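# Summary of structural features
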Amino acid sequence: LKASNTPDRQRATMSGSGSGSGSGSGSYSGSRSSSGHSSSRSSSGETPGRSRSGSRSAGGSRGSRSSSGSPPPPPPPESDGEEEAERLRREQEEREREERERLEREREERERKEREERERREREERERKEREEKERKEREEREERERKEREEKERQAAAAAAAAAVPQSSHHAGHHSSSHHGSSHYSSSHHGSSSHHGEGQEHEHRTSHHTPSSHHSQHGSGHHSSSHHPSSSHHSSSSHHTDAKSPPLPEQVQQQAQPAQPQVQPHPQPQPQPPPVAARAQRPALPKAVNAAAAVAEGPALKEETSSVPLVTKSPPPEARSQSPPLRNNTPESEAEQLQPTSGDEEGAEPDQPDQQQPGQPDADQQQPVPRGPRRVVRRVKQLSTDLIGDQSALVYSEREAELLHDMFHLLWTKSPRALLQFYTWCDADQWDELAETLVVFSFPRSTTISLIKAFICDEFETRPEFDTAASFRENSSASKMVKAYLRKVGSKYLNELLAPVSQAIMSMKECCEIDDLKIESEEELKKNCAMLLNLVDQVLDRITDPAMQDKMPAGIRILACFFFECSKKFCPKLSPYPLVGAFLILRYINPAVFSPEQYNLLPSNKTCPPHARRNLTLVAKVLQNISNGLIFSGAKESYMARANAYVEKNIPRLHGYFQHVVESAIWCPDKLVNDSDAVPLQPSHFRKLHICLCDFHARAAKMLADENDRNEFNKKMASIGAYPHKKSFVDVLDTTEQKLIRDYLASKKQEPSAVGLLTAGKKGGGAMIVIVVVTLTRICLFQRGSAAKVPHREAHIADLVSVSSQKPTELAIVFKDFNFQGDSEQAEVIIHAIRRNQSLCFPSFYKEYLNVSPPSRMKPIDLPASPCGGFVPTYRAMCDFHGIAPNASICWTVEKLFSRSTDFNLKHFFFEETEADKAEAIGVPELVPVFDALRYVDFFRGLTVKDRKLSPASAALVDLVRSTPHLTSLVLVNVGLTDKHFTALFEAMSANNACMVEQIDVSENCVFDEKVITALVTYMANTHAINGVTVLRMANACTGPKAISTLFTSFPTIDKLRGVNPLRELIVSHNKMGDAAGQMAQWLANCVDCRLERLDFSYITTPGSKLIALLDAVRKCSRLRSLSARGLKILKPNEATAINKIITEMKLTELDLAGSVAAPAVLQEMFPLNTTSDLALHVSVAGSELGMAGAQVLHDIGMKLLCVTSLDLSGTELGNDGVCAAIEGILLNSALTKLDISGCCGKGSRPATDVARLLVKLINSDCPIEILHVAGGTKPQQQLGRALVPFVSALSANDSVTEIDVSGHSMGNAGAIALSKVVQMNTSLQVINFDDNGTNLYGLSAVCHALTMNQTIRFLPLPVNDVAAANAALAGNVEDRKKLKAVALELQQLLTYHNVY
């Protein structure tokens, strides 16, 4: 739109025409010069700074526009001063010359390197094409050999049949006829008999070329396919001397002399024949398969040659083919589609003949020339345009592939934005439009479009010198392409509303606003037209600057306009920023729509733009652009536009004010709030383009990722999505109809094709059929070619694969659990490789011997990156497809992110059902079926833990898991809702699995174990092949009664006998109704040889006292026992207490849990050995026992003598204040006790709370080595000491032995919190403090928070949640104090986090 052909520019062009090469007249050139400054602009578009004849100033400033390419000669010197000046001038020129030569050398060096790089890439591309051409030729030669063999065999069989059917006397000497009583099919049915030439006439027949159909014999067109259209007639070629008694030629044969007609329908229809052999032989790049068809006329030599070629494709006999149904339209036209060259037209063919059009190739007038370049993307896209059969929408990308492409794009953008910027330098400029649209559309879903475009704009400014920045956005740069793509996707709706009324008004005008005086001589008419033109411009400006329309402008466009304004201020501070904003809004956005409203859907679809309206729109756009640039019209090229200069000058402030308003309205609009995700949907072409770029630029993009983990993630995703040529193979084998059929089916199943091939297989009743083999990521589908069915003929999951065999390159046999198929396929190698790759992707940690391929060198190595957790996620996805269940994203994310360091697969990470909303989002039990199936193939996980989840619907999958897996060593099924039959089947499956290695079994809280279940369990324990046997058995509340327990312990001796020793190290049988079965348990413990039990728990068992004493006595036989839990046994008698005493004395226990077992306080003295020391630290718990004051008095008497106990738990024993004081007084002189828990023991009594606090102070200052002291209050009011406990808290500041203290639940208020804050500041030994539930408010919490900033030893201090909540509720209506409380709680949490970490 800018005049550039001024006289000065023309003179500069004439003077510099001998240097460089121009890019066309009238172009606006803003290229930099060699010295880094601006030089003259030539109309040829040449960069003067790079022209060897262009003029330069001494300082490298703007060059002068002179008529010659060299500076004028200096004047002769007149004096010594002038000589000195002349010398200095010559030195200056010499330096400038040297500088120019240096820059020229650098430029030549860069060009040389670019040329070498371009030649290297072209060489690699040529080599690739040569390899592909060689493979294509080999394939065609192989097909031709197979075809010739089939022809020869069929001809011989037909000749033999004819000779046997026709008497010798009826044979003519030189002529034979062919009779057809109906349409015949190549591989299906022959309804008539055919007679052939005798051997004497065969050579004459083959050498005849005077009929268009002379190259056709009975086999048809000679394609390798074994099927033809049902209406295609098959005949033997005959000469013109046909016997009079012979029937006339069929209609199809007579039509062979006519030109080929286009194939209108893809369904079976009568088709004309292809051009003659002679015409087909004239093609310059004709495949050998077609050229070989003309060799039919070469005589018997061909028969000898083809007979020596081995038969590869299994061709059925003629009688078998006669019974085959028609499978596919294989008329001569369909054969020509498959045998025609991939590019170019036939030599001598008319351009408008339909049969010369290549399948999937655009018309000749629609083909755009693709300039040759060094980038592979151009060649790849160009090759795609000729390879596709149908349009590019045939390439289907599944949800998995789309997600991978999205992830890779986001990874590059977040980790290495420079890689996306480099995409433009790595591919050719003619691909920039498609690349820009792809990048913009992919950035929509995550609202990163504005940031992405800003990065391109910044890069554009930063890589250009200052003099060229103002005009940089006017060129077709990468930033311009990105902005253009964004505007077309986001701004179309606004543009239509803005300009549609004005455009339609201009289109409806019948007058032309021409103001060129060369076209209109009348001055009055010129003035009239100028007035009309300016009126139109005024209408456009009114529409643009309308405040209502300004508010409707998309936020993203306003943000970009503001960013251009800021960039202009930053990079071009001396220039006005409005022209650059105008270049964005007017030049790139509004003016294109003004000039071409039909391209922006501003006009009705049936309305075209007449020439006079086009001229009016052009003139309006010119004036509007100059107003935006802030320039008046000048120059000789369009001097007539100067008539509008007054209007331009008048409206420049108006339009620039509009720019300012747009910029100001975008200042407070964040980029992330701009959501354009619904601007345009992602199309297959977008996925295809990004896939091509990622494949071509994979190595370079990966190198730009600085972090190694990011590179590994990027490479992993690239390996998962596969190469683009493999994706494109879908359209290389199938025609358009087959593509649509298979594409629709795969889309319904959310699958993508990994490989596609054709396989010729035999039929059960005889004959052959062509099968389309489609390999997806998880399935293999077989479609019968030519069938109208929209579903596969057979289909199998890759998990059901049994074997893949191939002894020849074209042989393929695949066996599944339910069926198998075999045959010959040219794509056998591709199919085998795809199956191997998918098997490795879906089951990365499961290796199965299923391949039988010879030679082994045919199997190329498959290098795939390691997947987290042994590849559980891809295996889980594959098994979801197997069961028809949608994969759960929560399972995939949790396993990959949280399970990488744990080998125990615990389902608690997936269940969080606390509310009805949680239950709706929780994982259903049927979704666990593919989880269990996936664990069968993954060797990463060693344990399975399921608690409080009903597994009945998934029981079969669980049984299959334990039946086949050799990896699990731990099985935890707590309260899973399985029945006795389910558990019986489970243990029987474990016994049947010789590789089962489960060593730890936890089936607690499943009260269904009867004698049958116990028998199945014991059978596995006796026969397991686990190295260590079953070492852990937890059966708390699992058995139905004493009989089941009796069966268990009566079977244990059998295990001891079979394995030599019972491997159990942990046995839990608590909460079971044991009854008399305690006797069997005692008998087994007493008689067990080398008992290895280390932990035994028989708490809360209901058994008679005599059986209990026998059981306690038998426990002493377990010399390795360290932990004994006998809670809730109700010990009443002295002999029962004596049995406990012997256990403590004779065994080396570290834990004795008698919580709730002491029913009589008097037995305490008989239970503990006195004045007996132990090398091991023993923890004794009698928590929950009703000891009362009587028990406290016993503790007072024996407290000093309990030297074998290091930890004593008396919590919840209802001692009262008197009992607590008595117990503490007895413990003061104990020299072994390090932990004491008297939580919830205080209460009513004669002694006040101050006495309890005083004795606690005395305890921590005594010789008793107390380190852990829990004195938490109870839930009853009498169990809370209140402010009386504050002196004890204050006493901790001088203590250096206590490391853990619990003073929660005493309602001390702020006094306790302030005392605790002083302790925190002074004490250096405390590491754990718990002080919640003390009624602390904002003041006390602030004191504790301040104290923590000065402490470095505390490692754990739980946030007092209850106190914070109570304080917040008390501050209802006080907004300021609530804010302070929130700030204190947040700071306290941060300090606690810091102390926990450091």
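The shown structure was predicted, so the numbers you read here are calculated from the model rather than taken from an experiment.

## Observations concerning the pattern of salt bridges
- Counting across every chain of the model gives 55 salt bridges.
- Across the salt bridge formed by E152 and R155, the nearest N and O atoms sit 2.9 Å from each other. Of this pair, E152 and R155 both sit in helix α2 (residues 80-165), separated by three residues, roughly a single helical turn.
- Overall, R155 belongs to the buried group, its relative accessible area being 17%.
- Through salt bridges with shared partners, a single ionic network connects E117, R120, R121 and E124.

## Here's the deal with helix α36 (residues 1011-1023)
- In this model α36 runs 18 Å from its N-terminal to its C-terminal C-alpha over 13 residues, within 8% of the 18 Å that 1.5 Å per residue would give.
- Buried within α36 we find V1013, I1014, A1016, L1017, V1018, Y1020, M1021 and A1022.
- Buried positions along α36 lie against α35 (980-992), β12 (1000-1002), β13 (1032-1034) and α37 (1042-1059).
- One side-chain oxygen of the residue at the start of α36 lies 3.3 Å from the amide nitrogen of K1012, identifying that residue as D1010.

## Points about the packing of helix α22 (residues 611-629) against helix α23 (residues 645-665)
- Two elements in contact, α22 and α23, have axes separated by 8 Å at closest approach and are oriented at 65 degrees. Of the possible angle classes, the one that applies to α22 and α23 is roughly perpendicular. Here α22 runs over α23; the crossing is right-handed. In this structure, α22 uses V623, L624, N626, I627 and S628 to contact α23, whose residues at the interface are Y647, V648, N651, I652, L655, H656 and F659.
- Among the residues forming the contact of α22 with α23, the class breakdown is eight nonpolar, four polar and no charged.

## Comments concerning the nonpolar core
- In this structure, F872, F905, F1009, F1098 and F1288 are the most contacted members of the largest nonpolar core, which totals 188 residues.
- The element that contributes the greatest number of residues to this core is α36, accounting for eight residues.
- Contacts of F1009, omitting those with residues within four sequence positions, involve F983, F987, V1003, I1014, L1017, M1035, A1038, C1039, T1040 and A1044.
- Within the second largest apolar cluster, 116 residues are counted, among which are W426, Y494, M549 and L585.

## Comments concerning helix α33 (residues 928-937)
- Counting buried residues in α33 gives nine out of 10 residues, a clear majority hidden from the surface.
- The complete set of buried residues in α33 reads L928, V929, P930, V931, F932, D933, A934, L935 and Y937.
- Where the residues of α33 are buried, they touch α30 (872-883), α31 (889-898), β9 (904-906), β10 (943-947) and α34 (955-964).

## As for the confidence of the model for the chain
- When the pLDDT values of the chain are averaged, the result is 75; 73% of them are 70 or greater.
- Counting interchain partners and residues more than four positions distant, the pLDDT-below-50 stretch residues 1-79 has 124 contacts.
- Contacts of residues 166-394 to residues separated by more than four positions or lying in other chains number 378 contacts, the stretch itself having pLDDT below 50.

## Quick look at the pairing of strand β7 (residues 820-824)
- The pairing of strand β6 (residues 811-816) with β7 spans five bridges and is antiparallel. Bridge assignment links E811 to a residue of β7, and that residue is D824.

## What about the packing of aromatic side chains?
- Scanning the entire structure with this criterion turns up 29 aromatic pairs.
- On the numbers, 5.3 Å between centres and 55 degrees between planes, the contact of F423 with F697 is tilted. Separated by 274 residues along the polypeptide, F423 in helix α12 (residues 417-426) and F697 in the loop between α24 (684-696) and α25 (698-703) bring together distant segments of the chain.
- Residue F423 is classed as buried on the basis of its relative accessible area of 0%.
- Geometry around Y600 places R488 over its ring, the cationic atom sitting 5.1 Å from the centre.
- The ring of F595 is capped by R614, whose NZ or CZ atom sits 5.6 Å from the centre of that ring.

Cut-offs used in this document
- Residues numbered from 1 in each chain as written.
- Predicted model: local features only at pLDDT ≥ 70, side-chain atom pairs only at ≥ 80, totals over all residues.
- Heavy atoms only, no water.
- Salt bridge = Lys/Arg side-chain N within 4 Å of Asp/Glu carboxyl O.
- Helix = DSSP H or I, 4+ residues; strand = E, 2+ residues; numbered from the N terminus.
- Buried < 20%, exposed > 50% of the residue type's maximum accessible area, 1.4 Å probe, protein only.
- Expected span 1.5 Å × (residues − 1).
- Contact = heavy atoms within 4.5 Å.
- Polar contact = N/O pair within 3.5 Å; in protein donor to acceptor, adjacent residues only side chain to side chain.
- Axes fitted to C-alpha atoms, helices over the stretch in contact; angles between N-to-C directions.
- Parallel < 35°, antiparallel > 145°, perpendicular 65-115°, else oblique.
- Left-handed = near helix turned anticlockwise from the far one by under 90°.
- Nonpolar A, V, L, I, M, F, W, Y, C, P; charged D, E, K, R; others polar.
- Core = buried A, V, L, I, M, F, W, Y, C linked by side-chain atoms within 4.5 Å.
- pLDDT = per-residue confidence, 0-100.
- Pairing = 2+ DSSP bridges.
- Phe/Tyr/Trp six-rings, centres within 6.5 Å; stacked < 30°, edge-to-face > 60°.
- Lys NZ or Arg CZ within 6 Å of the ring centre and 35° of its normal.

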